[in-house]
Amino acid sequence: MTGLPLLQLLLLFWFLPTTSAKRMKTICLLRRSFYILEDYYRPGDLIIGGNLPLETSVYSLGVDFIINPSQDHLPTLVMPKNYQQFLALVFAVREVNKDLVLLPNITLGFHIYDNRKIERRISLLSFSLLSKRRQVVPGYKCNRRDTLLSIIGGLNSKSSRLMASIFSIFKVPQLGVGFEFSLGHRTVYPSFFRINPNEFSQYVGLVQLLLHFQWNWVGILAPQSDNGESFISTLTPMLKEKEICLAFTAMFKYNIFTTTSLEILHNFKIWSKAEVIVLFGDSRSVIDLVLSMDAHEAKTKTSFCKVWILTSHWKVSVMGLRSVSMCIKPFHGSLHFRDHTGDALEFSRFLLSLDPYNPQGDLFLPLWWGMVFDCKIHIPSRIPQKGKKQCTGNENLQNLPNYIFETSMTGESYNIYNAIHALGHALHAMFGSRARPTMMRLGKRTSNVQSWQILYYLKEVKFNNSAGDEVSFSENGLGSPRFDLLNWVFLPNQSFVPTKVGRIDPRAPPGQDFTINSDVIVWATKKIPFARCGMKRCQAGERRRVPEGKQVCCYQCDACPDGTISNHTDAAHCQPCPEDQYPNKDNNQCIAKKIHFLAYQDTLGYSLVSLILFLSMTTSAVLVIFYKHHDTPIVKANNRDLSYLLLVSLLLCFLCSFLFIGQPRKITCLLQQSAFAILFSLAVSTVLAKTVMVVLAFMATKPGNKSRKLLGKPLTNSIVLGCPLIQALLCVIWLVTSPPFPSLDFHSLFGEIILECNEGSVLMFYSVLAYMGFLALISFTVAFLARKLPDSFNEAKFITFSMLVFCSVWISFLPTYLSTKGKSMAAVEIFSILASGGALLACILFPKCYIILLRPDLNCRENMIRNKNL
């Protein structure tokens, strides 16, 4: 049984394939089928590689793992405008080499490839640049003399990421179009530097553009890709924050072989919802859109006339050559955000000096020249082709339309130009550093330079280029995010020309970071489009109201409620005016409120002043009459001293009314109520003393009555001094605890600010009034009981009537005072003071003046004794 497993093991070895222990011969070069021919090489001490697109594939084939990918040749079309990027790299390298101050002993070379926008070719060329020429052995020099300093390439985010994943392994600086990655992933791409502006600044500028033209109903078109999704997800919340609504958000991927007419019509029905459309996508993806537009126009026989806002990814270029009207005419009047460019000196002259018959190693120039001028470059060793004109080499680049080629530097070329100069300044800083060996500072051993050594210096680069622009690099690359805003115009002569109408510069002061000259813009719709959801804009004095179920931009307009205003169009809310202002009748402006108080210049104030002066003069006249006739019986009989005191107190009461007229101030507010209360308490106390003296005088005439002892000045003085003293004590407590003060009432009267005296303590105010009413009630009661006393000099009847009027005035004062505001309140109190004081003057003192002045015959002792017991 033990022999069976051994037999099975022998059979197993029998079926195993034969192996060879022969060792493969190790050689230096790896010979493979990857052979790159299309390149432009210029030797130098340090080499700058270029992995740039001149052509693009028409379509992409899936990998089937049947044929060798290197032998898979895809149909391509030349993109004529892209060739300027090749020339910008060559021109910048020449400028750096000519600058004897920047790099006096170092010559830069370059090695440029056309990657045709094919991903596997981009990777292959990246490996090739890391290897010996025409071989793919990354990082293996093998007697290679020229040193790879840096790579210029990755002119879209996808290719940049692909290249960065290769060159970051070897720490070779890559300068290309930026792509998104988190701060934590910076260690994954340590050698990548962005050369284009940060896209976020472009999105901020795009929002500002929409706000400038007050467009709040726009559409977004983007290709079905990661970049398209990222664009929509980034821009949408920014638009929402500014209350800009999206009429639609669509992602397109047109395929002429699979897309039906119904699908095209359905898409354009959706896209027609907006007058302004934001288009994201590069030239290749926009071709899909153009084909859709052309198919739509053919089906409907109508043009799709919209205002397009194009991002910097879009390039005005024509693939192939002669599809001008189809490719670019639909974008007439569009607004295009493009990377900022400057006027680099001598660049246009450099372009005009190109000679296709003397390309100086540039294998791309003859091909490109023949394409753009639609001619054939004659090769001496070959027989000229018939049916196609021969290129003379004297064709003028300035005669080419802008959509084919621009002699002024484009934004992408300007970025490459600045990137090359940044490398030159970084080398200058590195070789000028004291940390470098002397030989390297003298440029004698540049072959020892490693590409990773320049990374630190690239992060610190800052210089002014030949266009006068400041260029600075940080850890992530370009630190000056600027964009130009162009208006593309398709002219009748088939030319498509840009006009710079604005710019974005986040480094500029606030308010100047986005500028635009809208007067020079040519619109596809002949006028500024009304890109708004609602047909009516809310004017000043109105506010927006969003119907239920509608977007915030699809609002209706309602008038502002009372007391609020809106002073600009499309106001979301009506704002109340400040307390010292009020809305005008249109509710679109706040007007300063007038200060409201009882002024001397007012008709009411003038009338009250006249009345005060009249009563004061009358009181003074009565006082003079009493003084001149102080020895007459009627004056003596009615207690001369109390009459004088009553007249003086009434005069002061009338004069204290002036405290209620004019602008209230701190001192007048303190004195108003206190002076009035104390003086009126003195007047009422005097009346009370007179009444008490009448009663005591009558009672003293009866036999055995001891009231005669109370007659005299001690009692009158006690009443006259004691009662006002209590009132004065209440006023002192009031002024100490919670004194009156000037205050502003903003809300009681429309359009006016009431300047009044606040009582401070309402309780003390009513306590003072209550005490004065208490004195008046006692005086009235005593006078009423003594009104029928049989005394010829009895004043009780007059006092009774005067106190009845007095109490009536002040009882009616309270409700009237509480129901009025402002100057009316002050007028009510003044009138009450004058009316009650006038009642005392008229009822008590005027009858005596009548006898003194008009009936002197009655002013005698005999007459009073005769009528004593009537």
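Residues numbered from 1 in each chain as written. Predicted model: local features only at pLDDT ≥ 70, side-chain atom pairs only at ≥ 80, totals over all residues. Heavy atoms only, no water.

1. A word on the overall build of the protein
Phase 1 of the analysis: Regarding its fold elements, the protein presents 23 helices and 28 strands.
Phase 2 of the analysis: Every one of the 870 residues in the protein was classed for burial, and the buried ones make up 50%.
Phase 3 of the analysis: Restricting the contact set of the protein to residue pairs at least 6 apart, pairs at least 24 apart contribute 69%.
Phase 4 of the analysis: Counting only carbon and sulfur atoms, one obtains 59% of the accessible surface of the protein, whose full area is about 43700 Å². (Helix = DSSP H or I, 4+ residues; strand = E, 2+ residues; numbered from the N terminus. Buried < 20%, exposed > 50% of the residue type's maximum accessible area, 1.4 Å probe, protein only. Contact = heavy atoms within 4.5 Å. Areas by Shrake-Rupley, 256 points an atom, 1.4 Å probe, with all protein chains shown as cover.)

2. So, helix H21 (residues 796–818)
Phase 1 of the analysis: With 23 residues, H21 should cover 33 Å at 1.5 Å per step; its first-to-last C-alpha distance of 33 Å lies within 8% of that length.
Phase 2 of the analysis: If you check which residues of H21 are buried, you get Ala796, Ile799, Thr800, Ser802, Met803, Phe806, Cys807, Val809, Trp810, Phe813 and Tyr817. (Expected span 1.5 Å × (residues − 1).)

3. Brief notes about helix H3 (residues 119–129)
Phase 1 of the analysis: With eight of 11 residues buried, H3 lies mostly within the body of the structure.
Phase 2 of the analysis: Looking only at H3, the buried set comprises Arg121, Ile122, Ser123, Leu124, Leu125, Ser126, Ser128 and Leu129.
Phase 3 of the analysis: Lining the buried residues of H3 we find strand S2 (46–52), strand S5 (108–114), strand S6 (147–153) and helix H4 (157–167).

4. As for the sheet that holds strand S27 (residues 741–745)
Phase 1 of the analysis: Strand order in the open sheet formed by three strands is S26-S28-S27, and the pairing between neighbours is mixed. Each edge of the open sheet carries a strand with a single partner, namely strand S26 (594–596) and S27. Put simply, the sheet's adjacent strands are angled 30° from each other on average, direction ignored.
Phase 2 of the analysis: Bridge count for S26 against strand S28 (residues 752–758) is three bridges, and the pairing is parallel. Counted as the bridge partner of Ile595 is Ile753 from S28. (Pairing = 2+ DSSP bridges. Axes fitted to C-alpha atoms, helices over the stretch in contact; angles between N-to-C directions.)

5. A word on the packing of aromatic side chains
Phase 1 of the analysis: For the structure on display, the rule yields 39 aromatic pairs.
Phase 2 of the analysis: Ring geometry for Phe268 versus Trp271: centroids 4.7 Å apart, planes at 55°, classification tilted. Residue Phe268 and its partner Trp271 are both found in helix H7 (residues 261–271); the two are separated by three residues, about one turn of the helix.
Phase 3 of the analysis: Residue class for Phe268 comes out buried when judged on its relative accessible area of 1%.
Phase 4 of the analysis: Pairing Phe680 with Phe806 gives two aromatic rings, centres 5.6 Å apart and planes at 45°, and the pair type is tilted. Note that Phe680 is positioned in helix H18 (residues 666–699) and Phe806 in helix H21, a separation of 126 residues in sequence. Residues Phe680 and Phe806 agree in their burial class; the two are buried. (Phe/Tyr/Trp six-rings, centres within 6.5 Å; stacked < 30°, edge-to-face > 60°.)

6. Points about the packing of helix H20 (residues 762–785) against H21
Phase 1 of the analysis: Relative to each other, H20 and H21 sit at 155°, their axes nearing to 8 Å. Judged by the inter-axis angle, H20 sits roughly antiparallel to H21. Relative to H21, H20 is oriented so that their crossing is left-handed. Along its contact with H20, which presents Phe765, Tyr766, Leu769, Met772, Ala776, Leu777, Ser779, Phe780, Ala783 and Phe784, the element H21 presents Ala796, Ile799, Thr800, Met803, Leu804, Phe806, Cys807, Trp810, Phe813, Leu814, Tyr817 and Leu818.
Phase 2 of the analysis: Considered class by class, the residues forming the contact of H20 with H21 number 20 nonpolar, two polar and no charged. (Parallel < 35°, antiparallel > 145°, perpendicular 65-115°, else oblique. Left-handed = near helix turned anticlockwise from the far one by under 90°. Nonpolar A, V, L, I, M, F, W, Y, C, P; charged D, E, K, R; others polar.)

7. Points about the packing of helix H17 (residues 640–656) against helix H22 (residues 823–853)
Phase 1 of the analysis: With their axes 10 Å apart at the nearest point, H17 and H22 run at an angle of 155° to one another. Regarding the angle of H17 to H22, the classification is roughly antiparallel. Relative to H22, the crossing made by H17 is left-handed. Contacts from Leu646, Leu647, Leu650, Cys653 and Phe654 in H17 reach Ile833, Leu834, Gly837, Gly838, Leu840, Leu841, Ile844 and Leu845 in H22.
Phase 2 of the analysis: Residues belonging to the contact of H17 with H22 are distributed by class as follows: 11 nonpolar, two polar and no charged.

8. Quick look at the sheet that holds strand S9 (residues 217–223)
Phase 1 of the analysis: Here we have eight strands laid out as an open sheet, ordered S10-S9-S11-S12-S13-S17-S18-S19, and mixed in their pairing. The open sheet has two edge strands, strand S10 (245–252) and strand S19 (514–516), and neither has a second partner. Along the sheet, successive strands turn relative to each other by an average axial angle of 25°, direction set aside.
Phase 2 of the analysis: Direction of pairing for strand S12 (residues 307–310) relative to strand S13 (residues 335–339): parallel, over a ladder of two bridges. Across the sheet, residue Leu310 finds its bridge partner in S13, namely His336.
Phase 3 of the analysis: This element, helix H5 (residues 199–212), spans S9, strand S11 (276–279), S12, S13, strand S17 (483–490), strand S18 (496–504) and S19 of the sheet and lies at about 50° to S19.

9. What about unusual backbone geometry?
Among all residues except glycine, the phi angle is most often negative; among peptide bonds, the trans geometry is most common.
Phase 1 of the analysis: Within the chain, Gln214 stands out as a residue other than glycine whose phi angle is a positive 60°.
Phase 2 of the analysis: Tracing the backbone shows Gln214 in the loop between H5 and S9.
Phase 3 of the analysis: Backbone geometry places Asn587, a non-glycine residue, at a positive phi of 55°.
Phase 4 of the analysis: Positionally, Asn587 belongs in the loop between strand S24 (581–583) and strand S25 (590–592).
Phase 5 of the analysis: The class of Asn587 is buried, set by a relative accessible area of 13%.

10. What about the environment of Pro847?
Phase 1 of the analysis: The residue Pro847 is located in helix H22 in this model.
Phase 2 of the analysis: The class for Pro847 is partly exposed, based on a relative accessible area of 23%.
Phase 3 of the analysis: Once residues lying within four places of it in the same chain are set aside, the contact partners of Pro847 are Phe798 and Ala842.

11. Quick notes on the nonpolar core
Phase 1 of the analysis: Of all hydrophobic cores here, the largest spans 98 residues; its most connected members are Ile152, Leu221, Trp308, Phe331, Trp369 and Ile420.
Phase 2 of the analysis: For this core, the element with the highest residue contribution is helix H12 (residues 411–431), accounting for 11 residues.
Phase 3 of the analysis: In terms of nonpolar packing, the next biggest core, distinct from the first, is built from 66 residues, Phe680, Ala683, Cys807 and Val828 among them. (Core = buried A, V, L, I, M, F, W, Y, C linked by side-chain atoms within 4.5 Å.)

12. A few points about the pairing of S17
Phase 1 of the analysis: In terms of residue burial, S17 counts as a mostly covered element, since eight of its eight residues are buried.
Phase 2 of the analysis: The two faces of S17 match: Phe483, Leu485, Asn487 and Val489 on one face and Asp484, Leu486, Trp488 and Phe490 on the other face are all buried.
Phase 3 of the analysis: By the bridge criterion, five bridges tie S13 to S17 in an arrangement that is antiparallel. Opposite His336, over in S17, you have Leu486 as the bridge partner.
Phase 4 of the analysis: Both S17 and S18 contribute to a ladder of eight bridges, which runs antiparallel. Within S18, the position partnered with Asp484 by the bridge is Arg503.

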